[in-house]
Amino acid sequence: MFRRDVKPLGEILLKLLRDEGLETPLQQKRLIDAWETVAGPMVASYTTERFIKNQTLFVKITNPALRHDLSMMRTQLMRRLNEQVGALIITDIKVY
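Here goes a summary of the coordinates provided. These figures come from a predicted structure and were not determined experimentally.

Quick notes on the rules
- Residues numbered from 1 in each chain as written.
- Predicted model: local features only at pLDDT ≥ 70, side-chain atom pairs only at ≥ 80, totals over all residues.
- Heavy atoms only, no water.
- Axes fitted to C-alpha atoms, helices over the stretch in contact; angles between N-to-C directions.
- Helix = DSSP H or I, 4+ residues; strand = E, 2+ residues; numbered from the N terminus.
- Parallel < 35°, antiparallel > 145°, perpendicular 65-115°, else oblique.
- Left-handed = near helix turned anticlockwise from the far one by under 90°.
- Contact = heavy atoms within 4.5 Å.
- Nonpolar A, V, L, I, M, F, W, Y, C, P; charged D, E, K, R; others polar.
- Buried < 20%, exposed > 50% of the residue type's maximum accessible area, 1.4 Å probe, protein only.
- Pairing = 2+ DSSP bridges.
- Expected span 1.5 Å × (residues − 1).

A few points about the packing of helix 2 (residues 23-33) against helix 6 (residues 74-85)
And step 1. In the contact formed by helix 2 and helix 6, the axes pass within 9 Å of each other and the chain directions differ by 125°. Between helix 2 and helix 6, the interaxial angle falls into the category oblique. You can see that helix 2 and helix 6 cross each other, and the crossing is right-handed. In contact with Gln-27, Arg-30 and Leu-31 of helix 2, helix 6 contributes Leu-81, Asn-82 and Val-85.
And step 2. Residue classes in the contact of helix 2 with helix 6 are distributed as three nonpolar, two polar and one charged.

Encoded structure:
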């Protein structure tokens, strides 16, 4: 009888995602989806656009006062969003 190299399914899927170049886009999607959880439902109701470009999360907020408040909190938001995903995905947030 021979012994096979048995690996956990999660490890195999992670390797497949990395090999196919899909790990980063998947984590970016998770981070964008985490916006409502991290920022809260009230902020999410004023959010119209979210996208990531060059490790920067761009968020369009329709309320000027809230836009200013979020600009002041962007370091905390960035840290919490990265923690939510479990990886360093973004290095800055631009609120416009």
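Concerning unusual backbone geometry
And step 1. One non-glycine residue, Asn-54, adopts positive backbone phi at about 55°.
And step 2. As for its position among the elements, Asn-54 is in the loop between strand 1 (47-53) and strand 2 (56-61).
And step 3. Judged by its relative accessible area of 69%, Asn-54 is exposed.
And step 4. Phi at Gln-55 takes a positive value of approximately 60°, unusual for a residue other than glycine.
And step 5. With respect to the element layout, Gln-55 can be found in the loop between strand 1 and strand 2.
And step 6. By relative accessible area, Gln-55 is classed as partly exposed at 43%.

Examining the pairing of strand 1
And step 1. When strand 1 meets strand 2, the two strands line up antiparallel, connected through six bridges. Paired with Arg-50 across the two strands is Val-59, which belongs to strand 2.
And step 2. Hairpin connection between strand 1 and strand 2: a loop of two residues separates the two successive antiparallel strands, and Asn-54 in this loop has a positive phi of roughly 55°.

Brief notes about helix 6
And step 1. With 12 residues, helix 6 should cover 16 Å at 1.5 Å per step; its first-to-last C-alpha distance of 17 Å lies within 8% of that length.
And step 2. Contact partners of the buried residues in helix 6: helix 2, helix 3 (35-39), strand 2, helix 5 (64-72) and strand 3 (92-95).
And step 3. Among the residues trailing helix 6, Gly-86 stands out with phi positive, at a value near 90°.

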